[in-house]
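Topology and contacts: notes
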Amino acid sequence: MKKRILTGDRPTGRLHLGHYVGSLKSRVELQDEYEEFILIADVQALTTHFEHPELIHDSIYQVAIDNLSVGLDPEKTTMIQQSMIPAIAELTIFYSMLVTVPQLSHNPTIKTEAKNYGYKEMTYGFLGYPVSQSADITFCNAHLVPVGEDQIPHIEMTRKIVRKFNDLYGTEIVEPEYKLSSVGRLCGIDGNAKMGKSLGNAIYLSDSPDEIVRKVKSGVTDTNRISVKIPGRPEVCTIYKYHEAFNKEECPNIEGMCKNAQIGCVACKKLLAEKLNQMLDPIREKRAYYESHIDEVKEIVSEGTKKANKIGNENIAKIKEKMHVQM
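Keep in mind that what you see is a predicted model, and the values were worked out from it rather than measured.

Assigned secondary structure in the chain consists of 14 helices and five strands. In terms of overall size, the chain behaves like a compact globule, its C-alpha atoms giving a radius of gyration of 22 Å where 327 residues would be expected to give roughly 20 Å. Summarising its shape, the C-alpha atoms of the chain cover approximately 80 × 45 × 40 Å along the three principal directions. Look at the contacts in the chain between residues 6 or more apart in sequence, and 75% of them connect residues 24 or more apart. Only carbon and sulfur atoms are counted for the fraction: they give 54% of the accessible area of the chain, which is about 16,800 Å².

Right, let's get into unusual backbone geometry. At Asn141, a residue that is not glycine, the phi angle is positive and equals roughly 55°. Tracing the backbone shows Asn141 in the loop between helix H8 (129-138) and strand E4 (144-147). Since its relative accessible area comes to 18%, Asn141 is described here as buried. One non-glycine residue with positive phi stands out, namely His324, at about 65°. Take His324: it is sitting in the segment after helix H14 (294-323). His324 sits in the exposed class, given a relative accessible area of 69%.

This part takes up the packing of aromatic side chains. Throughout the structure, instances matching the rule amount to eight aromatic pairs. A centroid spacing of 5.6 Å and a plane angle of 20° characterise the contact between Tyr117 and Tyr119, whose relative ring orientation is stacked. Judged by relative accessible area, which is 26%, Tyr119 ranks as partly exposed. Counting every residue linked through ring pairs, the aromatic cluster contains Tyr117, Tyr119, Phe126 and Tyr129.

This brings us to the pairing of strand E1 (residues 4-9). Buried residues dominate E1, accounting for five of its six residues. Two strands pair when backbone bridges link them, and E1 and strand E2 (residues 35-40) are joined in this way by six bridges, in the parallel orientation. In the sheet register, Ile5 faces E2, and the bridge partner there is Glu36. The β-α-β motif built from E1, the intervening helix H1 (residues 17-30) and the parallel element E2 has right-handed crossover chirality.

Here the focus is the packing of H8 against helix H9 (residues 152-169). At a minimum axis separation of 9 Å, H8 and H9 run at an interaxial angle of 70°. In terms of their interaxial angle, H8 and H9 are classed as roughly perpendicular. In this structure, H8 uses Tyr129, Pro130, Gln133, Ser134, Ile137 and Thr138 to contact H9, whose residues at the interface are His154, Ile155, Met157, Thr158, Ile161 and Val162. The residue inventory of the contact of H8 with H9, partitioned by class, reads seven nonpolar, five polar and no charged.

Let's shift gears to the environment of Asp190. Looking at the element boundaries, Asp190 is found in the loop between strand E5 (177-180) and helix H10 (209-217). Accessibility expressed as a relative area gives 36% for Asp190, which makes it partly exposed. In this structure, the C-alpha to C-alpha distance between Asp190 and Arg225, residues 35 residues apart in sequence, is 16 Å. The residues contacting Asp190, other than those within four sequence positions of it, are Asn201 and Val220. Of note is the side chain of Asp190, whose polar atom sits 2.9 Å from the side chain of Asn201.

Extensive coverage of helix H2 (residues 42-49) is indicated by the burial of six of its eight residues. Asp42, Gln44, Ala45, Thr47, Thr48 and His49 are the residues of H2 that are buried. Where H2 is buried, its residues touch E2, helix H3 (53-69), strand E3 (77-81), helix H7 (124-127) and H8.

With that settled, the discussion passes to empty space enclosed by the protein. All chains considered together, the criterion is met by one cavity of 30 Å³ or more. By volume, the largest cavity is sized at about 110 Å³. Around the largest cavity, the lining is made up of 16 residues, and of these Arg225, Cys237, Cys258, Cys265 and Cys268 lie nearest the centre. Looking at the lining of the largest cavity, the elements with two or more residues in it are helix H11 (238-246), helix H12 (251-259) and helix H13 (265-291). For the lining of the largest cavity, the leading source of residues is H13, giving three residues. Taken together, the residues that form the lining of the largest cavity break down as nine nonpolar, three polar and four charged.

Scoring rules and cut-offs
- Residues numbered from 1 in each chain as written.
- Predicted model: local features only at pLDDT ≥ 70, side-chain atom pairs only at ≥ 80, totals over all residues.
- Heavy atoms only, no water.
- Helix = DSSP H or I, 4+ residues; strand = E, 2+ residues; numbered from the N terminus.
- Rg over C-alpha atoms; globule rule 2.2 N^0.38 Å.
- Contact = heavy atoms within 4.5 Å.
- Areas by Shrake-Rupley, 256 points an atom, 1.4 Å probe, with all protein chains shown as cover.
- Buried < 20%, exposed > 50% of the residue type's maximum accessible area, 1.4 Å probe, protein only.
- Phe/Tyr/Trp six-rings, centres within 6.5 Å; stacked < 30°, edge-to-face > 60°.
- Pairing = 2+ DSSP bridges.
- Right-handed = clockwise from strand over helix to strand, strands pointing away.
- Axes fitted to C-alpha atoms, helices over the stretch in contact; angles between N-to-C directions.
- Parallel < 35°, antiparallel > 145°, perpendicular 65-115°, else oblique.
- Nonpolar A, V, L, I, M, F, W, Y, C, P; charged D, E, K, R; others polar.
- Polar contact = N/O pair within 3.5 Å; in protein donor to acceptor, adjacent residues only side chain to side chain.
- 1 Å grid on protein atoms, 1.4 Å probe; cavity = no way out; pocket = protein on both sides within 12 Å on 5 of 7 lines; lining within 4 Å.
- Points joined across faces, edges and corners; volume = space filled by probe spheres on them.

Structure below.
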């Protein structure tokens, strides 16, 4: 049998190029090699958007469409709505008995995210979401979890929880490995290290050709280059970083022309916008199909969730039997 991968997205809005580079592209590449589960993490989204659950609900199918539009095959992958999986909720409770508050509060990713959101005090749900994430991964006994470097502490916590749980109760929950993304985080078009909706610096997979051109035109370049005649520094240019991510074949030529003042920023941005639109055209075409067949999207998520529930219910029954938590 194929090994199982679990990955996913928080449904807090449509997905952008940062998601594509960081995870979506690799999901498409891995779907033939692994049994792939895509979790639409609507419960986890509540940890930061609990005041706006309507945003999360509206985004569930948009996130599903983004995944389908980039090339994920619903015959090969299983899309799951997190809140509809009781096994995840039960495992979260069981795991929480084994994790201390200091372990969670000292987690570097938790610290960083709390700072990013401006939280002086953390809710129980926000502080404990790595425990819920452990349940996400293990309810279906996933072998592998693709992550960025900032998520490694979460996987290490999951591994510790699983080892302790198996030792205590004699269960056989799979201890997952992580698969580190070979691509670094894509910065915002404004040069900010983080790309996000709230920052207004994201290019979305669903953006129109004109929106792509407009956003690329606003992108930050070498601030010292006030004239085409001045040699540029590609290493400090946000637009060049996007060329590296989406136009690798032409990068050596673009780099040489920039350093030798043979191409200006306007022309360089035009090249990038053309390249992005070429890449996004087939994605937009698929999105248009799924947007006009939303019932098909709902069916894909519904059927995936049913399949996941069958697996989760079988696993949680075995776990509860080992724990003597049963009638």
